[in-house]
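Geometric and topological summary
So you can see what is in the structure, the chains are spelled out below.
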Amino acid sequence: MKAKGSELIPILTIAGSDCSGGAGVQADLKTFSAYRLFGMSVILSVVAENTARVISVHNVPVKCVEEQFLAVFEDIPPKAVKIGMIGSKDLMLCVKENLEHFKPQNVVIDPVMFAKNGFALMPVECCDFFKNNILKFADILTPNIPEAEFLSGFTIQNEEEMIKAAKHLHAQGAKAVLIKGGHRNENANDVFFDGENIHILKGERIETKNTHGTGCTLSSAIASNLALGKNALESVSEAKEYVRGAIYYSLNLGKGNGPTNHLWAF
């Protein structure tokens, strides 16, 4: 019997792993599958973590990262790219050079800086290098409020300051910016600046501690929507709805912040 082949849209995550499966590359690949896309990965770091703590981070040698980039782009060029945790200046330089060389489309960058427990996943001394060398590749940048504060250099306490931060990061090079409001007490509204207009994306706060990997999941969902041909605002809005469902049907696993349910729709 001759196989009946089919085609899936390819999409790539460039990030660190999470051995407990709730965040990082594992969360991205699950999200891609939920969108019926063909997920691929360039792994930058191996993170020993679970729902309660980060134990250690081991960065992949630069040569190995370069070879992963080559293996993907010479054979199956992705329709969109999600970039997550980049744990060292050497890795940032490697990512920068490969983005310049391969020129991928639809790049979503989640500036992963801190784990849920506050563990620094991006060394503080790398922040300026990230701003000057990586941020400019973002078709959509997706910082949460602490990350936006760190990148912008000022405190964010209300919606007006979220708007100010979005415009500031756009001026720094990101083509569009989504400031995630999940850290605010009043609501979970996000601010999206597409380079021309501000959009306030309303968000219902769901009472649960199971939010491990929500940032990774949201950014990979946005990239998935872009790969499917949706515009930036549609991609962000629909990704927000997908993550709302993943949190609402989140999983009671582990002793800390349990993971979201990437396959809730199934």
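Right above here is the structure, for reference.
Cut-offs and rules
Residues numbered from 1 in each chain as written. Predicted model: local features only at pLDDT ≥ 70, side-chain atom pairs only at ≥ 80, totals over all residues. Heavy atoms only, no water. Phe/Tyr/Trp six-rings, centres within 6.5 Å; stacked < 30°, edge-to-face > 60°. Buried < 20%, exposed > 50% of the residue type's maximum accessible area, 1.4 Å probe, protein only. Helix = DSSP H or I, 4+ residues; strand = E, 2+ residues; numbered from the N terminus. Lys NZ or Arg CZ within 6 Å of the ring centre and 35° of its normal. Salt bridge = Lys/Arg side-chain N within 4 Å of Asp/Glu carboxyl O. Pairing = 2+ DSSP bridges. Right-handed = clockwise from strand over helix to strand, strands pointing away. Core = buried A, V, L, I, M, F, W, Y, C linked by side-chain atoms within 4.5 Å. Contact = heavy atoms within 4.5 Å. Arc of directions from axis to C-beta. Polar contact = N/O pair within 3.5 Å; in protein donor to acceptor, adjacent residues only side chain to side chain.

Time to look at the packing of aromatic side chains. Applying the stated criterion to the full structure yields six aromatic pairs. With a centroid separation of 4.9 Å and 85 degrees between ring planes, the pair formed by Y248 and Y249 is classed as edge-to-face. Taking relative accessible area as the criterion, Y249 reaches 45% and is therefore assigned partly exposed. Centre to centre, the rings of Y249 and W264 are 5.8 Å apart; their planes meet at 10 degrees, and the pair counts as stacked. Residue Y249 is located in the segment after α8 (232-248), and its partner W264 is located in the segment after α8; the two are separated by 15 residues in the primary sequence. Between K164 and the ring centre of F154, over which it is positioned, the NZ or CZ distance is 4.4 Å.

Let us look at the pattern of salt bridges. Side chains that differ in charge, positive against negative, can pair when their charged atoms come close. Considering all chains together, one arrives at nine salt bridges under this definition. Note that D110 is salt-bridged to K180, the shortest N-O span being 3.7 Å. Taken together, the residues D110 in the loop between β5 (107-109) and α4 (127-133) and K180 in the loop between β7 (177-179) and β8 (190-193) connect sequence positions 70 residues apart. Exposure class is identical for D110 and K180. Each is buried.

With that settled, consider the pairing of strand β2 (residues 38-49). One face of the sheet, then the other: side chains in a regular strand alternate in exactly this way. In this structure, strand β1 (residues 10-16) lies alongside β2, joined through seven bridges in parallel fashion. By the bridge assignment, L12 is partnered in β2 with M40. For the crossover that starts at β1, traverses helix α1 (residues 24-34) and ends in the parallel β2, the hand is right-handed. Bridge count for β2 against strand β3 (residues 54-59) is five bridges, and the pairing is antiparallel. Bridge pairing links V46 to H58 in β3. Remark: four residues form the turn of the hairpin made by β2 and β3, two consecutive strands paired antiparallel.

This part is about the nonpolar core. Core analysis: the biggest nonpolar cluster contains 45 residues, and I14, I83, V95, I109 and I179 have the highest contact counts within it. In terms of residue count, the dominant contributor to this core is helix α3 (residues 89-102) (five residues). With near-sequence residues (within four places) excluded, I14 lies in contact with V42, L44, F69, V81, K82, I83, G84 and V95. By size, the runner-up hydrophobic cluster in this structure holds 23 residues, among which are I11, A221, V243 and I247.

At K103, a residue that is not glycine, the phi angle is positive and equals roughly 50 degrees. For N106, which is not glycine, the phi dihedral falls at a positive 55 degrees. With respect to the helices and strands, the residue N106 is situated in the loop between α3 and β5. With relative accessibility at 22%, the residue N106 sits in the partly exposed group.

With that out of the way, let us pick up the environment of I179. By the element assignment, I179 lies in strand β7. Take I179: its relative accessible area is 0%, and that puts it in the buried class. Measuring from C-alpha to C-alpha, the distance between I179 and S237 comes to 13 Å, with 58 residues separating the pair along the chain. Sequence-distant contacts of I179, defined by excluding residues within four places in its chain, comprise P143, I145, A148, M162, A165, A166, L169, D190 and V191.

Among all positions in helix α5 (residues 145-152), only I145, E147, A148, L151 and S152 are buried. Down the axis of α5, the sector holding all buried residues measures 160 degrees, keeping them to one side. Check the buried side of α5 and you find it contacts α4, α6 (159-171) and β7. The backbone nitrogen of E147 has a side-chain oxygen 2.9 Å away, supplied by the residue at the start of α5, namely N144. G153 sits one or two positions beyond α5 and adopts a positive phi of about 90 degrees.

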